Amino acid sequence: MKLLSTDIKNNVLKSVIRLLGERKAEIIAANKEDLEAFTKDDQAMYDRLVADDKKVDGMINSVREVMEQEDPVGQVISEVNRDNGLNIINKTAPFGTIMIIYESRPDVTVEAAVLAFKANNKILLKGGKEAIRSNEVLVDIWHQALKENELPVDWVQLLKLNRTQTQEFLKNPPQKIDLIVPRGGERLIAFVKEHAECPVLVSGRGNNFIYVDRTADWDESIKVILNAKTDKISACNALDKILIDKHIPELEKKLVHLQKSLHEFNVSLLVDEQVQETLKNEPLIPEESTWYEEFLALKACIGLVENEDEAIDKINQYSGGHSSGIMTNDLTKAIGFMEQVDSGAVYHNASTRFTDGGQMGVGAELAISTDKLHHRGPLGLKQLVTNKYYVFGTGQVRV
């Protein structure tokens, strides 16, 4: 796509902000139809599907935040003047065409598009069928904004494909795609990785752990665990696994306190054999594969470990590489844990729920990447560019 000036891009975003406000009732009405057609069997997906007044205001704020951020394209990364006279400048550049495949959340339709567009990328939006009415209105708003500013509407495209058509699209895309971001559960990610012929940046799998060290402030630990587990069960930064140092003072009393605290929020528990010696009525973790699961539900596992080294090993073996935390008053232990745990975000005495673009100062995000190339963590505006070398010479040849 043609490189656009910052002013042109921001004018489009001003139009999007205005239109989201003017057509808010239409968005909410379309979303109501989506909600009525959706069975509530999957509560986490239902929660993500909602686009109410507050959620639309959030979309507007996301567009405004991106509009106010510095243009990420054409920024100088480095400059070198060689002995042979060559002036070599490395600058940020657009990816080109980004495809995002996601489930349920209509707000992603706006956030993904605004980030891609401000970074001068074309975006292909493959939302789930459960949000089709909401997404049609939101993409129509984008097209109206682009037309108002005399730009082609193919900067933002909504793909209406079933599973078979999506598989064929991934294998034989009718246009060049530079990056695909699957944002959802493990089945979606596996499907995309199996069939895509272009680079895939994985996002979405949580399965996050918190380890409570023997020196931790117990009341603070309870507060953090409850927030991480119950604040928003549909989020990829929600807590699933709790590891506790078996040498923590008053272990049995604290296990009972933890059980009672989680039950008050209707969290069902699975425990290992050591924990079950105290919490006798709780079912055992049925199989090793449970440690790999992301629950997206009011459900958690509790296990005991010998020390932080065992906790680190367990987290690195089973977690999704998203967010992991340690509760401890020993700063040396905390730093060691944070250095050794292989997760995109690591926490000391804080909830994993902060792994979010807005909460981490990135702003709106396309996704939370759990890959290491080209970026890990929130994919904000600055992360939706690649780079290009500009080499200026005066007739130099290599000899």
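Since this is a predicted model, take the numbers as computed values, not measurements. (Residues numbered from 1 in each chain as written. Predicted model: local features only at pLDDT ≥ 70, side-chain atom pairs only at ≥ 80, totals over all residues. Heavy atoms only, no water.)

1. Focus on the overall build of the chain
Piece 1. A count of helices and strands for the chain gives 13 helices and 15 strands.
Piece 2. Referenced to the eigenvectors of the C-alpha coordinate spread, the extents of the chain come out at roughly 75 × 65 × 35 Å.
Piece 3. Looking at the chain residue by residue over its 399 residues, the buried ones come to 54%.
Piece 4. Residue pairs at least 24 apart in sequence account for 70% of intrachain contacts in the chain once pairs closer than 6 positions are excluded. (Helix = DSSP H or I, 4+ residues; strand = E, 2+ residues; numbered from the N terminus. Buried < 20%, exposed > 50% of the residue type's maximum accessible area, 1.4 Å probe, protein only. Contact = heavy atoms within 4.5 Å.)

2. Brief notes about unusual backbone geometry
Piece 1. One non-glycine residue, S104, lies in positive phi territory at about 75°.
Piece 2. Position of S104 among the secondary structure elements: in the loop between β3 (97–102) and α5 (106–118).
Piece 3. Taking the relative accessible area as the measure of exposure, S104 reaches 0% and is therefore buried.
Piece 4. A positive phi is found at N207, a non-glycine position, where the angle reads about 55°.

3. Focus: the nonpolar core
Nonpolar side chains in soluble globular proteins generally cluster together in the buried interior.
Piece 1. Membership of the largest hydrophobic core comes to 53 residues, with the highest contact counts inside it found for L20, I100, F117, I123, L125, W142 and L366.
Piece 2. Sort the elements by how many residues they give to this core and α5 lands first, with eight residues.
Piece 3. Every residue in contact with I123, bar those within four places of it in the chain, is listed here: I98, I100, A112, A113, A116, W155, V156 and Q157.
Piece 4. By size, the runner-up hydrophobic cluster in this structure holds 26 residues, among which are A216, V224, I225 and L251. (Core = buried A, V, L, I, M, F, W, Y, C linked by side-chain atoms within 4.5 Å.)

4. With respect to the sheet that holds strand β1 (residues 76–81)
Piece 1. Overall, antiparallel pairing links the three strands, which are arranged β1-β2-β15 in an open sheet. With partners counted over all chains shown, the strands left at the sheet margins are β1 and β15 (385–392), one partner each. Taking the axes of each pair of neighbouring strands and ignoring which way they run, one obtains an average angle of 20° across the sheet.
Piece 2. Across five bridges, β1 lies against strand β2 (residues 87–94) in antiparallel orientation. Its bridge partner being in β2, S78 is matched across the sheet by N90. (Pairing = 2+ DSSP bridges. Axes fitted to C-alpha atoms, helices over the stretch in contact; angles between N-to-C directions.)

5. Quick word on the side chain of T97
Piece 1. Within the secondary structure, T97 sits in strand β3.
Piece 2. Those residues in contact with T97 that lie beyond four places of it in its chain are K122, L124, Q175, K176, I177, D178 and L179.

6. Observations concerning the environment of N81
Piece 1. For N81, the position within the fold is in strand β1.
Piece 2. Relative accessible area serves as the criterion here: at 59%, N81 is assigned to the exposed category.
Piece 3. Taking the C-alpha atoms as reference, N81 lies 54 Å from V50; in sequence the two are 31 residues apart.
Piece 4. Apart from the residues lying within four places of it in its own chain, the contact partners of N81 are L86 and N87.

7. Overview of helix α10 (residues 251–263)
An α-helical turn contains 3.6 residues, so a residue and the one three or four places further along point in the same direction.
Piece 1. Taking 1.5 Å per residue, 13 residues should reach 18 Å; α10 reaches 18 Å between its end C-alpha atoms and fits that length.
Piece 2. Residues of α10 that are buried: L251, K254, L255, L258, Q259, S261 and L262. Along the long axis of α10, the arc covered by the buried residues comes to 165°, so they all point the same way. Exposed positions of α10 whose direction lies more than 90 degrees from the buried face are E252, K253 and K260.
Piece 3. For α10, the secondary structure elements touched by its buried residues are α9 (218–230), β8 (239–245), β9 (268–271), α11 (273–276) and β10 (299–305). (Expected span 1.5 Å × (residues − 1). Arc of directions from axis to C-beta.)

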